[in-house]
Amino acid sequence: MGPISVTRAIDAPREQVYDFLCDLANRPAFTDHFLGDYRLERFESAGVGAAARMRIEKAGLWMETVIVEASRPHRILEQGKGGRLDRIPILTAWELVEGPGAASSEVTVRFGTEPSIPVDRLRELRRGERYYRRQWSAALSRLKELIESGRHAERVVIAGGARAPVT
C-alpha cells in the first residue's frame, strides 16, 4: 500500500506537539480506536530507539514500530514490521510545521506498508488505503482534541519499570 497522508492543524506550539508524539507511551491516548494490545518494548519510551508493539484491531495483525529518527521539532520517522511473521515493512513519518499563528502547528502523518508476498498484498487490498486513511484521520482529530484541551493523557507503562535503577 502506498503511503497515505493525513494533515491536521492544532492550536498548540509545535514543540509541545512534538514532545507528545515523540513519546510512544502517549500513543494509545489517540490511537486506541484502531490499535489495541499496545506494549512498550523498552523502558525508555521517547526519542530514537523507543519501540512499541501493537495489534491492528480490525485486521488482527500485529505490528511493531521503532523511532529511527527524531529531528526536534520538525520530524519523527518510525520504521517497523507487521503482519504474519513480521514480513511486511511499515513506515510512519510525522512532520510538524508552524501554523499561521505563533502558538499553532500543522501535523502530517504518513503511513505506508510494502508487502512483498502476494497473500499479504491481497489482504491489503481488502483493508486498503481507505481504512487506514479513515483511522489516521480520526487519530489526528483525537490528538488535536487531547492537546488543545490540556488534559493529561494516560500513559502506557512497563510493569516493574519503577523498580529499575535510574542511570
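In the block above lies the structure referred to throughout.
Below or above, wherever it landed, is the structure these notes cover. Keep in mind it's a predicted model, so treat the numbers as computed, not measured.

**Digging into the pattern of salt bridges**
Inference 1: Inspection of every chain in the model, using the stated rule, returns 13 salt bridges.
Inference 2: R155 serves as the salt-bridge partner of D23, at 2.2 Å between the closest nitrogen and oxygen. Within this pair, whereas D23 is found in the loop between α1 (14-22) and α2 (28-31), its partner R155 is found in the segment after α3 (118-149), the two being separated by 132 residues in sequence.
Inference 3: The buried category is assigned to D23, whose relative accessible area is 11%.
Inference 4: On the accessibility criterion, R155 (41% relative accessible area) is partly exposed.

**Here's the deal with the packing of aromatic side chains**
Inference 1: In this structure the tally under the stated criterion is seven aromatic pairs.
Inference 2: Aromatic side chains F20 and F30 sit 6.1 Å apart centroid to centroid with 40 degrees between the ring planes, which places their arrangement in the tilted category. Within this pair, whereas F20 is found in helix α1, its partner F30 is found in helix α2, the two being separated by 10 residues in sequence.
Inference 3: Owing to a relative accessible area of 14%, F20 belongs among the buried residues under this scheme.
Inference 4: Accessibility expressed as a relative area gives 0% for F30, which makes it buried.
Inference 5: An aromatic cluster is built from F20, F30, F34, W94, F111, Y131, Y132 and W136, whose rings are joined through pairwise contacts.

Here is what the cut-offs are and how they apply
Residues numbered from 1 in each chain as written. Predicted model: local features only at pLDDT ≥ 70, side-chain atom pairs only at ≥ 80, totals over all residues. Heavy atoms only, no water. Salt bridge = Lys/Arg side-chain N within 4 Å of Asp/Glu carboxyl O. Helix = DSSP H or I, 4+ residues; strand = E, 2+ residues; numbered from the N terminus. Buried < 20%, exposed > 50% of the residue type's maximum accessible area, 1.4 Å probe, protein only. Phe/Tyr/Trp six-rings, centres within 6.5 Å; stacked < 30°, edge-to-face > 60°.

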